[in-house]
Amino acid sequence: MDTIEHGGIGLPGAHAFDLLQALPVAVYTTDKQGLITFFNEAAAELWGHRPVINEDRWCGSWKLRHLDGRKMAHDECPMAIALREEKDVRWGRAIAERPNGELIPFSAHPVLLRNETGDTIGAINTLLDLRTQTMADEARTRLASIVESSMDAIVSKDINGIITSWNDAAQRLFGYTPAEAIGRPVTILIPPDHLDEEVSIITRIRAGEVVPSYETVRQRKDGTRIPVSLTVSPIRDGIGRIIGASKIARDISSHKESERRIRLLMREVNHRVKNQYSVIISMIRETSKQASSPKVFLEQVRERILALSESHDLLVNAEWRGATVAELVEAQVRVFAAQSRLSAKGPVIMLKPNAVQYLGIAFHELATNSAKYGVLSNPVGQVEIEWAITTAADGEETFGLVWHEHDGPPLDGETRRGFGSVVLKRIAPQALGGTGQLEFGEHGVSWRLEAPLRYVKNSLDEMD
């Protein structure tokens with residue numbers, strides 16, 4: 001092949017020289033003593049520096065460093081070693097430091113140049129910028145770290161459905177260790193009645209499709225089933241061929257349980273709201289019979305609906321599990337009576353939602369009546385509320401509650417026959433499957449309620 005002389009070294013001909021200049025890879029040559037005789041633009045770009053031909057030696061870098069960051073003298077670089085030891089050096093690695101301080105990792109591939117008699121007359125070096133490879137390695141490391149630390153189960157399989165990778169979350173979710181899962185068919189995770197899913201998934205993956213997230217069921221090592229959200233994507237090799245698939249499975253057990261509870265709660269709310277509608281309709285009907293004017297009617301209905309809303313708030317805050325008797329007294333009565341004038345005693349009993357609503361409106365009627373006409377209308381007097389559970393000989397448990405006023409003005413029962421009396425004598429007791437007795441005495445009102453405990457107490461949350 002024709003050669004041209006450049007700095008005293010035999011180089012390829014002009015056409016080949018142009019090719020070296022056009023290469024996107026850094027290339028340079030030196031003479032036997034290491035003086036640089038040629039470099040292409042790619043080399044100058046990698047170095048960020050243009051060495052002086054026939055003056056600078058070994059390498060055109062402004063400065064050099066070892067991979068661990070230590071400074072490297074130019075006569076320690078791979079080109080210097082190749083010329084000094086008269087041997088080709090493969091994959092020598094170093095870091096070029098540019099004048100602006102930027103560090104460029106590279107691999108060097110110096111090859112000796114010899115004349116016709118075999119004597120060394122110089123060397124040619126090819127430098128490969130390792131930044132892309134380094135970034136790829138870092139990306140792979142980060143990806144591996146993300147996969148291993150993910151809270152979602154991430155599993156890969158080959159195109160035949162054989163598991164090829166298995167992260168920690170997959171072990172936690174499905175119960176198999178990596179040694180137990182890798183190399184086995186992915187169908188070990190699929191219940192028999194869902195095996196048709198895998199056929200569909202493989203077909204779509206082979207067509208290059210991503211299977212969007214969908215909810216399904218998978219099977220643990222112990223045979224139990226677990227609801228999951230599953231996403232499947234194809235895995236390709238370096239030339240784009242589909243060689244497998246990755247699966248991301250997210251445990252949605254808590255989500256499903258929340259959905260179940262929400263549905264249950266909505267059914268409960270719907271049932272309770274219908275009950276409230278019945279109470280409100282009855283309230284309006286009875287109030288209209290007793291109200292002396294539209295203004296009084298509106299005010300009484302407003303107060304009673306607000307009382308219902310107080311009980312409703314207790315139920316909402318407790319996710320409709322109920323409320324204790326003490327909480328209900330606090331919500332309905334405290335606004336009418338100072339702490340010193342109210343006594344509330346009894347065991348902790350979690351009331352059913354139905355009992356909360358009807359006892360709540362009963363307490364409101366008693367407190368409102370007391371504030372207007374009874375003991376709470378005077379600066380003296382006391383309201384005592386006591387409740388207890390008694391057990392009959394046959395084992396039947398009964399809830400008993402007494403509202404009793406002391407030192408209040410005398411009341412005439414004949415003049416107090418309004419909606420409150422209807423609630424206390426009929427509506428509240430009947431709703432709880434019990435009986436109610438209302439008395440107007442010389443010192444205030446007494447009300448006694450008795451009802452089967454099973455209709456009053458929430459058995460789903462035993463607290464007493």
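Quick caveat: nothing in here was measured; it's all calculated off a predicted structure. (Residues numbered from 1 in each chain as written. Predicted model: local features only at pLDDT ≥ 70, side-chain atom pairs only at ≥ 80, totals over all residues. Heavy atoms only, no water.)

A count of helices and strands for the protein gives 13 helices and 22 strands. The buried share of the protein, reckoned over its 464 residues, is 41%. Intrachain contacts of the protein at a sequence separation of at least 6 include 52% that bridge at least 24 residues. (Helix = DSSP H or I, 4+ residues; strand = E, 2+ residues; numbered from the N terminus. Buried < 20%, exposed > 50% of the residue type's maximum accessible area, 1.4 Å probe, protein only. Contact = heavy atoms within 4.5 Å.)

On to helix α3 (residues 78-85). Among all positions in α3, only Pro-78, Met-79, Ala-80, Ala-82 and Leu-83 are buried. One or two steps after α3, the chain reaches Glu-86, where phi turns positive at roughly 50 degrees.

Ordered in space as β17-β19-β20-β22-β21, the five strands form an open sheet in which the pairing is mixed. Looking at strand neighbours, the two that pair on one side only are β17 (342-345) and β21 (435-441), the edges of this open sheet. Averaged over all pairs of adjacent strands, the angle between their axes in this sheet comes to 10 degrees, without regard to strand direction. Bridge count between strand β20 (residues 397-406) and strand β22 (residues 444-452): seven bridges; the pairing is antiparallel. Across the sheet, residue Gly-400 finds its bridge partner in β22, namely Glu-450. Running at roughly 160 degrees to strand β19 (residues 382-391), helix α10 (residues 325-332) makes contact with β17, β19 and β20 of the sheet. Of the strands in this sheet, β21 and β22 touch helix α12 (residues 419-431), which is tilted by about 165 degrees from β21. (Pairing = 2+ DSSP bridges. Axes fitted to C-alpha atoms, helices over the stretch in contact; angles between N-to-C directions.)

Turning our attention to the pairing of strand β10 (residues 120-129). Across six bridges, strand β3 (residues 26-31) lies against β10 in antiparallel orientation. Across the sheet, residue Ala-26 finds its bridge partner in β10, namely Leu-127. Here strand β8 (residues 103-108) pairs with β10 via three bridges, running antiparallel. Looking at β10, one finds that Ser-107 is bridged to Leu-128. As defined by bridge partners, strand β9 (residues 111-114) adjoins β10 across four bridges and the pair is classed as antiparallel. What sits directly across from Arg-114, in β10, is Thr-120. In this structure, the hairpin formed by β9 and β10 is closed by a connection of five residues, where Gly-118 is found at a positive phi of approximately 90 degrees.

Residues at a pLDDT of 70 or more form 86% of the protein, whose mean pLDDT is 82. In this model, residues 1-11 is a region of pLDDT below 50 whose contacts with residues beyond four sequence positions or in other chains number 27 contacts. (pLDDT = per-residue confidence, 0-100.)

Here the structure, examined in full by the defined rule, presents two cavities of 30 Å³ or more. Of the voids in this model, the largest cavity is the one considered here, and its volume is about 90 Å³. Taken together, Val-155, Phe-174, Val-186, Leu-189, Ile-190, Arg-218, Leu-230, Lys-247 and Ala-249 form the lining of the largest cavity. For the lining of the largest cavity, the class distribution of residues is seven nonpolar, no polar and two charged. Roughly 30 Å³ of volume is contained in the second largest cavity. (1 Å grid on protein atoms, 1.4 Å probe; cavity = no way out; pocket = protein on both sides within 12 Å on 5 of 7 lines; lining within 4 Å. Points joined across faces, edges and corners; volume = space filled by probe spheres on them. Nonpolar A, V, L, I, M, F, W, Y, C, P; charged D, E, K, R; others polar.)

Among the nonpolar cores identified, the biggest contains 47 residues, and Leu-351, Phe-363, Ile-385, Phe-399, Trp-403 and Trp-447 are the most heavily contacted of them. Top element by residues in this core is helix α11 (residues 353-372). It accounts for nine residues. With 26 residues, the next largest nonpolar core counts Trp-47, Trp-58, Leu-64 and Ala-96 among its residues. (Core = buried A, V, L, I, M, F, W, Y, C linked by side-chain atoms within 4.5 Å.)

Bringing the sheet that holds strand β15 (residues 242-251) into the picture now. Within the open sheet, the five strands sit side by side as β12-β11-β15-β14-β13. Their pairing is antiparallel. Two strands close off the open sheet at either side, each with one partner strand: β12 (163-166) and β13 (211-219). Each neighbouring strand pair of the sheet contributes to a mean axis angle of 30 degrees, computed without reference to strand direction. Pairing of strand β11 (residues 153-158) with β12 involves three bridges; the strand directions are antiparallel. Note that in β12 the partner of Val-155 across the bridge is Trp-166. Helix α7 (residues 195-206) rests against β11, β13, β14 (225-236) and β15 of the sheet, and its axis sits at about 150 degrees to β13.

Here we take up the pattern of salt bridges. The tally for this structure, following the rule as stated, stands at 15 salt bridges. Residues Lys-87 and Glu-85 are paired through a salt bridge, measuring 3.0 Å at the closest nitrogen-oxygen approach. Note that Asp-152 and Arg-250 form a salt bridge whose closest N and O atoms lie 2.7 Å from each other. Remark: Arg-250 occurs in strand β15 and Asp-152 occurs in the loop between α4 (131-149) and β11; sequence separation between them is 98 residues. (Salt bridge = Lys/Arg side-chain N within 4 Å of Asp/Glu carboxyl O.)

Another aspect to go through is the packing of α10 against α11. It is the contact of α10 with α11, at a shortest axis distance of 9 Å, that shows an interaxial angle of 40 degrees. Taken together, α10 and α11 sit at an angle that is classed as oblique. Here the hand of the crossing between α10 and α11 comes out right-handed. Where α10 abuts α11, its residues Leu-328, Val-329 and Gln-332 lie against Val-356, Leu-359, Gly-360, Phe-363, His-364 and Ala-367. Across the contact of α10 with α11, the residue classes break down as six nonpolar, three polar and no charged. (Parallel < 35°, antiparallel > 145°, perpendicular 65-115°, else oblique. Left-handed = near helix turned anticlockwise from the far one by under 90°.)

Bringing the packing of α11 against α12 into the picture now. The N-to-C vectors of α11 and α12 enclose an angle of 160 degrees; their axes lie 9 Å apart at closest approach. With respect to each other, α11 and α12 are oriented roughly antiparallel. Remark: the crossing between α11 and α12 carries left-handed chirality. Residue-level contacts link Asn-354, Tyr-358, Ile-361, Ala-362, Glu-365 and Leu-366 of α11 to Phe-419, Gly-420, Val-423, Leu-424, Ile-427, Ala-428 and Ala-431 of α12.

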